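So you can see what is in the structure, the chains are spelled out below.
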Amino acid sequence: MKKILAVVLAAVMMTAAVVAFGACGGNGKETLYVYTNAAFAPWEYMNEYNEVVGVDVDIANEIGEVLGYNVEVRDVAFGSIFTEVQNNEMAIGLAGITVNAEREETGIFSDSYATSTQYAIIPDSMASSVVEGKLPVSALAGKKIGTQESTTGFFLIDEAVNGSTDEETGEHVKGELEGTDAKCYSYKNGIIAGQDLGTQIDVLVIDELPAKSIWNNKSGYQVVEVDAEPESYAVYLNKNATKLRDDINKVITALVDNGVIDYWLLKHSGAII
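For clarity, every value in this text was computed on a predicted model and none was experimentally measured.

Novice: Now, about the pattern of salt bridges: what can you tell me, with residues and values included?
Specialist: Scanning the entire structure with this criterion turns up 6 salt bridges. The partner of glutamate 225 in a salt bridge is lysine 134, with the nearest N and O atoms 3.8 Å apart. In this pair, glutamate 225 sits in strand β15 (residues 221-226) while lysine 134 sits in strand β9 (residues 134-135), placing the two residues 91 residues apart along the sequence. The buried category is assigned to glutamate 225, whose relative accessible area is 18%.

Below you can see the structure in the form of structure tokens.
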């Protein structure tokens, strides 16, 4: 294990030099503004010194180091990230952001640097609802379901509870949980939602690693994968920032190929010190 970690650490130290050799970046004077929401561990969270840290912050700092930008990380509400980036070509969103069609209408994405799935923190009394290791959305019938605003989990549950509109016909499409008295609650972040488990909400649906961080072996609860489509994380950029996107893709390729992001995930999940 120590030998493996030594190899990964060496890759971390070499990545900047490897990418810099093949990519031209900024002049070292511009500032790259990085918008995130620091309540989504291990991707982004506040440490004991009240600093924003996490895998996405490490990625942002590597982008700045390799491309020659000063990096300024700004912690904002998740939904505000997209507005900020749309208004500034030198701003990016790095916050475990899932690539989807709606977001591609307002911005552009880098190559994917990670994948995830939705997980639910459920009371032990719901364990019998799990089918082959996954929780069907239908098992949430009649439940008060917490989500984080503007995230994949929110859109998944909101559509299941309230239905949707067919884009071609304009007709209402009934949601899987519609009419079951299930309710979707949207929170500013998953940490706040987790504090309401067992009082204001029955379950919490959010991405895998934040779900496991919030759950943290909470007595009487377990964390389980939701039976839903997987998703890809990528950097969100201004529509006009195609050159910046291409440069960032070179950094991401090196980080992924060298196993650096996997290493950072272990570090920020507490698996290694």
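After presenting the structure, the write-up continues.
Novice: Any chance you could break down the side chain of threonine 151 for me, citing the residues and the numbers?
Specialist: If you trace the backbone, threonine 151 turns up in the loop between β10 (144-148) and α5 (152-162). Its relative accessible area of 6% is what places threonine 151 among the buried residues. Excluding anything up to four places from it in sequence, threonine 151 contacts Phe78 and Arg103.

Novice: Let's hear about the packing of aromatic side chains: which residues, and what values?
Specialist: In the structure shown here, the tally under the stated rule is 7 aromatic pairs. Ring plane angle 65° and centroid distance 5.5 Å describe the contact between phenylalanine 154 and phenylalanine 155, whose orientation is recorded as edge-to-face. A relative accessible area of 40% places phenylalanine 155 in the partly exposed class. Grouped by ring-pair contacts, the aromatic residues Phe78, Phe82, Phe109 and Tyr236 constitute a single cluster.

Novice: Please give an account of the side chain of asparagine 47 that cites residues and values.
Specialist: If you trace the backbone, asparagine 47 turns up in the loop between β2 (45-46) and β3 (52-53). Taking the relative accessible area as the measure of exposure, asparagine 47 reaches 18% and is therefore buried.

Thresholds applied
- Throughout this document, residue positions are counted from 1 along each chain, in the order its sequence is written.
- Reporting in this predicted model follows two pLDDT cut-offs: at least 70 for local features of residues, and 80 or more for side-chain atom pairs to be given and counted; totals over whole chains, interfaces and linings ignore these cut-offs and use all residues.
- Side-chain measures were taken over the full set of non-hydrogen atoms in the model, leaving aside hydrogen atoms and water.
- Put simply, a salt bridge is a Lys or Arg side-chain nitrogen that is within 4 Å of an Asp or Glu carboxyl oxygen.
- In DSSP terms, a helix is any run of H or I states spanning at least four residues, a strand is any run of E spanning at least two, and both are numbered starting from the N terminus.
- Partly exposed describes any residue whose relative accessible area lies between the buried limit of under 20% and the exposed limit of over 50%, with all areas from a 1.4 Å probe on protein chains only and scaled to the type maximum.
- Residue contacts are defined here by distance: any two heavy atoms, one from each residue, within 4.5 Å place the two residues in contact.
- Note on aromatic contacts: the rings of Phe and Tyr and the six-membered ring of Trp form a pair at centre separations within 6.5 Å, being stacked when their planes are under 30 degrees apart, edge-to-face when over 60 apart, and tilted otherwise.

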